[in-house]
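# Observations on the three-dimensional arrangement
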Amino acid sequence: MSSKKSVAVDGTACDRDGVPENLMLRQPMPDTKWSAGSLRITSRTVGASEISARLGIAPDDQFERESLTSPRNPSSVRREADVWIRRSGLGSDRWPEEHVAALVKLLDGRREELIRLSDSCDLEVVLGFGSENGQGGCLLPAHLLAEVGALGLDVVLDLYPPTPEDAATGG
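Since the model is a prediction, treat every value here as computed from it, not as a measurement. (Residues numbered from 1 in each chain as written. Predicted model: local features only at pLDDT ≥ 70, side-chain atom pairs only at ≥ 80, totals over all residues. Heavy atoms only, no water.)

Considering the arrangement of structural elements, one finds serine 35 in strand S3 (residues 33-43). Given the relative accessible area of 3%, serine 35 is considered buried. A polar atom in the side chain of serine 35 sits 2.4 Å from the backbone oxygen of arginine 94. Once residues within four sequence positions are removed from consideration, serine 35 is found in contact with Gly91, Ser92, Arg94, Trp95, Pro96, His99, Gly128 and Phe129. (Helix = DSSP H or I, 4+ residues; strand = E, 2+ residues; numbered from the N terminus. Buried < 20%, exposed > 50% of the residue type's maximum accessible area, 1.4 Å probe, protein only. Polar contact = N/O pair within 3.5 Å; in protein donor to acceptor, adjacent residues only side chain to side chain. Contact = heavy atoms within 4.5 Å.)

Below is the structure:
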């Protein structure tokens, strides 16, 4: 077997497959990905505590209309609506579709009440996703999207690109 070398267009030495040697010596960096999912209900007329009572589900977070968005900063903006949030309960290492499925399961048997709430509330499944290299994606199966739609929920994708610090460290 010959160890014939070639040269890439930029002058970098390559192996016989045309892959630059300096890339062959690098170990691939692990890419840390994460995802999260929650149900978010907002309303200017229905309070967060009433949403809890009507659904029979306790929120993980709730905020009252006119409360400060940053309680430690008295000059921060005030909320325009009540906000009720329930997280999926799954770890950040789980796939986005798993978060959605957990939230759909949580809402089992509550479709009629969700429809009544939709008259005065915005109902959303919020999915967050981030990765060190900015790449990634997921599949939301048709049957799961049909279940989300039947519950009257909108889907919000909240993507987090890598930070300048990630780029500086090779992430």
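There is more to say, and it comes next.
Our next topic: helix H2 (residues 48-55). Buried residues of H2: Ala48, Ile51, Ser52 and Leu55, and no others. With its buried residues spanning 100° around the axis, H2 presents them on a single face. Tucked inside the fold, the buried residues of H2 contact S3, strand S4 (61-63), strand S5 (82-87) and helix H4 (111-117). Glycine 56, located one to two residues past H2, shows a positive phi value of around 70°. (Arc of directions from axis to C-beta.)

If you trace the five strands from one edge of the open sheet to the other, you get S4-S5-S3-S6-S7, paired in mixed fashion. With partners counted over all chains shown, the strands left at the sheet margins are S4 and strand S7 (154-160), one partner each. Neighbour-to-neighbour, the strand axes of the sheet open up by a mean angle of 20°, direction not taken into account. As paired strands, S3 and strand S6 (residues 122-131) are joined by ten bridges and run antiparallel to one another. Paired with alanine 36 across the two strands is glycine 128, which belongs to S6. (Pairing = 2+ DSSP bridges. Axes fitted to C-alpha atoms, helices over the stretch in contact; angles between N-to-C directions.)

These values are about where atoms sit, not about what they do.
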